[in-house]
Amino acid sequence: MTDTAPQQFNFKAETRQLLHILIHSLYKDREVFLRELISNASDAINRLRFEMLTTQDVLDPKADLKIHITADKENGTLTITDTGIGMTREEIIDHLGTIAQSSARKFMEAAKDKSVDASGMIGQFGVGFYSVFMVADWVRVTSRSFRPDAQAVTWYATGDDSYEVGAAEMTERGTRIEIKLKEDAAEFAEEYRVKNIVNKHSDYIGFPIYIGAEEKPVNKQTSLWRTARNEVKEEDYKDFYRQTTLDFEDPLLHIHMVTDAPVQLYALLFLPAKSERNMFSLRKDDGLKLYSRNILIDEYNKDLLPEYLRFVQGVVDSEDLPLNVSRETVQSSGLMPKLKKVLTNQVIKELESLAKKDVEKYNSFWSEFGVYLKQGVAASPADTETITPLLRFKTNLQPETWSSLEEYASRMKDGQKVIHYIVGEDSKSVLRSPHLDSFHAKGLEALLLTEPMDSFMLMGLRKFKDYELKNVAGAEVDGEDQPRAESEAEKIPEGDFNSLVERFKQVLGERVADVRASRRLVTSVARLVDADANSNPDLQRVYKYLGREYEIPKKVLELNSSHEILKNLLKLDAGSELGNIVIEQIFDSALLVEGIHPDPSSMAPRVQQLIEAALAGK
Ligand code: ADP
């Protein structure tokens, strides 16, 4: 074998499988293959530019940065050439012989699910380089790396099990991809068709794309974020968002900023409509794209916004970043905290104004991303004050709509000094909680905190304005919440009540810390409260969610001394079996509504006994 003889390699099994799907796919929007190749070309130029920030020791340092497409109708070929970073022999084998860690891999995972039509998903996944085999009889990639001493290399494949790699003649830096189009893909050798595809999918590629002999690039090529706001149409923002994220839905909001002080920056940020990145998304990670003077420095920068705003997508570009930056020096440059501050303030400001201007939209934002902000309250105490006005809650009085703390405060009763909240599993069961008995009776309002993140949030959110936040499960709700005006006549006389308390203590024994009368209950017969006024039920929940071993501390059982059930209980003989069962069940029901019953189904036999007794008319 001579040096120049091409060498054969076999594709990995996974790649073969992918090629098989692509070659046989009946996918109707095959045009996306061009989007993928242009995107690779643009990445390659970006990477070259990045290298050139620190070294001029590259092949053709003065070469124009551009993408060129030639369509040859006669021969049914399409050629895409870029002046990017290029590939060495090792790199071409590495990168084009195996499926890159990219959406192609996700596609393969989804394609394994036989119930879905894989070919229907190609466009959504962006399967990368290999998508060319939807339209190609064969593909030849010729490349010359930017490294001055590298040799040109060629890669050839027809989409079957193997590919060839050999030496090539190529004097300029970059990559050329020649495609021999399948007969049924001849349309892609038409210049007008190619132009259409570029405009549709690749308008915002930052480098000029030339077609054929045209002297003007076909793509807009503008950095939309550097375009004056009054020149950008709503539709442009949406297009940009779609082309750069492949999200199906329009963004909820875009933020286009240009500032000169305290830092120079251009930013174009988006709030997605949905919190879950769809599986097809081009964005593989959180973070913003960071450019320095229009050069991409970092694809996923996480230092430009606080963690609790990590759902924000988009681009940040600054003239103030030093030109010879590397990703590492960006991190340590003093500029980053400044950028972060400006961006964070702006996002918060826009959210506040959205909340004022378009309540419905804001609520839809809140439903998707509220949990991030709650996490922010828990994790960044310094930001609590900033985030608090953005928080929204359901309450016992307004269980269907979202209220801000400001709105809650405006509805507070005269003399009310604290903000009440109740914590529980879901809003239905908390609305039924005995802790809210007197709230319902008096029209008092409590926040319903039913998400796991709420318990974490409470660790950071103890006050709003001058109002402390207070859990209604505490023994007393002081101040405004006076005990209801009960007529003494309704109450069980003290002596009787004390003997009742003794009976409860006897039956429940060690399981309760105490049994006593409640001043808060109206319709419920009993409730559980914490024995220690200083114990923190919210923290107990946090432990529970963190999966920490912990024992629920024993609680105090409070009884409603006016309740019919207790009056009737008094009529039973002390120590009667039915009386004991009733006491057990009252306790179990209280555990249940508290969401801390260790074994709810254990109640079934007892409930049956109670039904039998009821039916027997006892
Ligand atoms: P992805 O772009 O998602 O990584 P692809 O299958 O499209 O996956 O490409 C695989 C790899 O091949 C790229 O990551 C890149 O390293 C290399 N590559 C593809 N096209 C080019 C190109 N035009 N110039 C340089 N390298 C390229």
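Just so you know, these numbers come straight off a predicted model, no measurement behind them.

Novice: Tell me about the packing of helix 18 (residues 564-571) against helix 19 (residues 577-594), and please be specific about residues and values.
Specialist: Packing of helix 18 against helix 19 leaves a shortest axis separation of 10 Å and a crossing angle of 155 degrees. When the axes of helix 18 and helix 19 are compared, the pair comes out roughly antiparallel. Considering only the axes of helix 18 and helix 19, their crossing is left-handed. Contact with helix 18, carried on its side by Ile 565, Leu 566 and Leu 569, involves Gly 579, Val 582, Ile 583 and Ile 586 of helix 19 and no other residues of that element. For the contact of helix 18 with helix 19, the residue count by class is six nonpolar, one polar and no charged.

Novice: Before we move on, could you go through the pairing of strand 20 (residues 526-530) and cite the residues and values that matter?
Specialist: A regular strand places its side chains on the two faces of the sheet in alternate fashion. Burial runs high along strand 20: five of the five residues are buried. Of the two faces of strand 20, the one lined by Ala 526, Leu 528 and Asp 530 and the one lined by Arg 527 and Val 529 are each fully buried. Examined bridge by bridge, strand 20 and strand 21 (residues 555-559) share five bridges and lie antiparallel to one another. The residue of strand 21 that forms the bridge with Asp 530 is Lys 555.

Novice: How would you explain the pattern of salt bridges if you had to name every residue and give the values?
Specialist: Taken as a whole and judged by the stated rule, the model has 33 salt bridges. Note that Lys 274 and Glu 249 form a salt bridge whose closest N and O atoms lie 3.4 Å from each other. Placement of the pair is Lys 274 in the loop between strand 10 (265-271) and strand 11 (288-292) and Glu 249 in the loop between helix 7 (234-245) and strand 9 (253-259), with a sequence separation of 25 residues. When its relative accessible area of 35% is taken as the criterion, Glu 249 is described as partly exposed. Notably, a salt bridge pairs Asp 530 with Lys 555, separated by 3.2 Å at the nearest N-O pair. One end of the pair, Asp 530, is in strand 20; the other, Lys 555, is in strand 21, with 25 residues separating them in the sequence. A residue is classified by how much of its surface remains accessible, and Asp 530, at 9% relative accessible area, is buried. The structure contains a network of salt bridges with shared partners spanning Glu 235, Lys 238, Asp 239, Arg 242 and Asp 250.

Novice: Please provide a residue-by-residue account of the sheet that holds strand 14 (residues 394-395), values included.
Specialist: Strand pairs in the sheet, formed through backbone hydrogen bonds, run parallel or antiparallel to each other. With respect to topology, five strands assemble into an open sheet ordered 14-16-15-18-17, the strand pairing being mixed. Of all the strands in the sheet, the pair left with one neighbour each is strand 14 and strand 17 (463-464). Pairing of strand 15 (residues 418-423) with strand 16 (residues 446-449) involves four bridges; the strand directions are parallel. Counterpart to Ile 422 in the pairing with strand 16 is Leu 448.

Novice: Describe the environment of Ser 143, listing the residues and the values that go with them.
Specialist: Tracing the sequence through the fold places Ser 143 in strand 4 (residues 136-144). Accessibility expressed as a relative area gives 0% for Ser 143, which makes it buried. Sequence-wise, Ser 143 and Asp 82 are 61 residues apart; in three dimensions their C-alpha atoms are separated by 9.5 Å. Setting aside its immediate chain neighbours within four residues, Ser 143 contacts Gly 86, Met 87, Ile 92, Gln 151, Ala 152, Val 153, Met 170, Gly 174 and Thr 175. A distance of 2.8 Å separates a polar atom in the side chain of Ser 143 from the backbone nitrogen of Met 87.

Novice: Describe the sheet that holds strand 20, and please don't skip the residues or the numbers.
Specialist: Spatially, the three strands line up as an open sheet ordered 19-21-20, and their pairing is mixed. The open sheet terminates on both sides in strands that have one partner only, identified here as strand 19 (512-517) and strand 20. Along the sheet, successive strands turn relative to each other by an average axial angle of 25 degrees, direction set aside. Pairing analysis gives five bridges linking strand 19 to strand 21, with the strands arranged parallel. Among the inter-strand pairings, Ala 517 is bridged to a residue of strand 21, identified as Leu 559. Contacts from helix 19 reach strand 19, strand 20 and strand 21 within the one sheet, and its direction differs from that of strand 20 by about 60 degrees.

Novice: Before we move on, could you go through the domain arrangement of the chain and cite the residues and values that matter?
Specialist: Looking at the chain, the domain boundaries give domain 1 (4-211) and domain 2 (225-356). Of note, the centres of domain 1 and domain 2, computed from C-alpha atoms alone, are 28 Å apart.

Novice: An account of helix 16 (residues 494-508) is requested, with residue identities and associated values reported.
Specialist: For helix 16, spanning 15 residues, the distance from its first C-alpha to its last is 21 Å, which sits close to the expected 21 Å at 1.5 Å a residue. For helix 16, the full list of buried residues reads Phe 497, Leu 500, Val 501, Arg 503, Phe 504 and Leu 508. The arc that holds the buried residues of helix 16, viewed along the axis, is 160 degrees, so those residues lie on one side. Set apart from the buried face of helix 16 by more than 90 degrees, the exposed residues are Gly 495 and Gln 506. Looking at the buried positions of helix 16, the neighbouring elements they touch are strand 19, strand 21, helix 18 and helix 19. Immediately downstream of helix 16, the backbone of Gly 509 shows phi near 50 degrees, a positive value.

Criteria and cut-off values
- Residues numbered from 1 in each chain as written.
- Predicted model: local features only at pLDDT ≥ 70, side-chain atom pairs only at ≥ 80, totals over all residues.
- Heavy atoms only, no water.
- Axes fitted to C-alpha atoms, helices over the stretch in contact; angles between N-to-C directions.
- Helix = DSSP H or I, 4+ residues; strand = E, 2+ residues; numbered from the N terminus.
- Parallel < 35°, antiparallel > 145°, perpendicular 65-115°, else oblique.
- Left-handed = near helix turned anticlockwise from the far one by under 90°.
- Contact = heavy atoms within 4.5 Å.
- Nonpolar A, V, L, I, M, F, W, Y, C, P; charged D, E, K, R; others polar.
- Buried < 20%, exposed > 50% of the residue type's maximum accessible area, 1.4 Å probe, protein only.
- Pairing = 2+ DSSP bridges.
- Salt bridge = Lys/Arg side-chain N within 4 Å of Asp/Glu carboxyl O.
- Polar contact = N/O pair within 3.5 Å; in protein donor to acceptor, adjacent residues only side chain to side chain.
- Domains from an automatic or database assignment.
- Expected span 1.5 Å × (residues − 1).
- Arc of directions from axis to C-beta.

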